[in-house]
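Survey of secondary and tertiary structure
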Amino acid sequence: MDGIFLQQLVNGLTLGSVYGLIAIGYTMVYGIIGMINFAHGEVYMISAYLAAISLALLAYFGIESFPLLILGTLIFTVVVTGVYGWVIERVAYKPLRNSTRLAPLISAIGISLILQNYAQIAQGAKQQGIPTLLAGAWRVDIGTGFVQLTYTKVFILVAAFAGMALLTYIIKYTKLGRMCRATQQDRKMASILGINTDRVTSYVFVIGAAMAALAGVLITLNYGTFDF
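Residues numbered from 1 in each chain as written. Predicted model: local features only at pLDDT ≥ 70, side-chain atom pairs only at ≥ 80, totals over all residues. Heavy atoms only, no water.

Within the largest apolar cluster, 38 residues are counted, with the highest numbers of intra-cluster contacts made by Val18, Leu21, Ile88, Tyr93 and Leu218. Counting only elements with at least two residues in this core, the list comes to helix H1 (2–33), helix H2 (40–60), helix H3 (66–93), helix H4 (102–123), helix H5 (151–173) and helix H8 (197–223). Broken down by element, this core gets its largest block of residues, 11 residues, from H8. The contacts of Leu21, once residues within four sequence positions are left out, are Ala160, Met164, Met211, Leu214, Ala215 and Leu218. The next biggest cluster of nonpolar side chains, apart from the first, holds 10 residues, and it includes Leu58, Ile70, Val217 and Leu221. (Core = buried A, V, L, I, M, F, W, Y, C linked by side-chain atoms within 4.5 Å. Buried < 20%, exposed > 50% of the residue type's maximum accessible area, 1.4 Å probe, protein only. Helix = DSSP H or I, 4+ residues; strand = E, 2+ residues; numbered from the N terminus. Contact = heavy atoms within 4.5 Å.)

Now the structure itself:
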């Protein structure tokens, strides 16, 4: 029983770290505009497909090194997903910024449905998958069972916490982070003090999408297959 518990604890920490990245990106947007971005889950879904597509393209061109595959996939997925986040803010939120609070929510739901159907049409409603890229594991015998920690899970934990640490540094210690905090606390006063709050809002959507992109890459590595 102890071995089963510890193994599930490892699995839970791995999956929880990915969920944490998604939640951080989600709360970044909510903290600035005070509204729920219903399309955030679909952005995460799109990033997983982008990660699989990027890995397939890099492998097609003969790149087999794991560090190069991951670096290329992360750059491609984060950049393209960040563009998705920026477009969502420009299309669904900015035109309705001075309207009633209900209008942007309805617009975001519309974007969510568009992305769902777009992915279904583009990729098909079928299982997608990639092979295991980082083989190997540590297996520890604890007497009443064993705990297996794969290299992939270790990479996911390290990458997830590195992403969280980087975002923490940006928010706490950079000019962009100070502008984000000022906009979140008092949008009108921040604007009076010379902060371009519209631009900050766009940056936050891009950051939120980038966190979802990192989560999409890691979840693709973790499961190898995912369902739409």
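Moving on, there is more to tell.
Residues of the protein chain with pLDDT of at least 70 account for 96%, and the chain-wide mean is 86. Across the protein chain, the secondary-structure element scoring lowest on mean pLDDT is strand E4 (residues 225–226), at 41, and the one scoring highest is H5, at 92. (pLDDT = per-residue confidence, 0-100.)

Take the layout of surface pockets next. There is about 350 Å³ of room inside the largest pocket. The wall of the largest pocket is formed by 15 residues, among which Val78, Gly163, Leu166, Ala210 and Met211 lie closest to the centre. Looking at the lining of the largest pocket, the elements that each hand over two or more residues are H3, H5 and H8. If you tally residues by element for the lining of the largest pocket, the top one is H5, at seven residues. Of the residues assigned to the lining of the largest pocket, the class counts are 14 nonpolar, one polar and no charged. Roughly 250 Å³ of volume is contained in the second largest pocket. Ile32, Ile33, Met35, Arg97 and Arg187 are, among the 13 residues lining the second largest pocket, the residues nearest its centre. Sorting the residues of the lining of the second largest pocket by element identifies H1, helix H7 (187–192) and H8 as the ones contributing at least two each. Residues belonging to the lining of the second largest pocket are distributed by class as follows: six nonpolar, three polar and four charged. (1 Å grid on protein atoms, 1.4 Å probe; cavity = no way out; pocket = protein on both sides within 12 Å on 5 of 7 lines; lining within 4 Å. Points joined across faces, edges and corners; volume = space filled by probe spheres on them. Nonpolar A, V, L, I, M, F, W, Y, C, P; charged D, E, K, R; others polar.)

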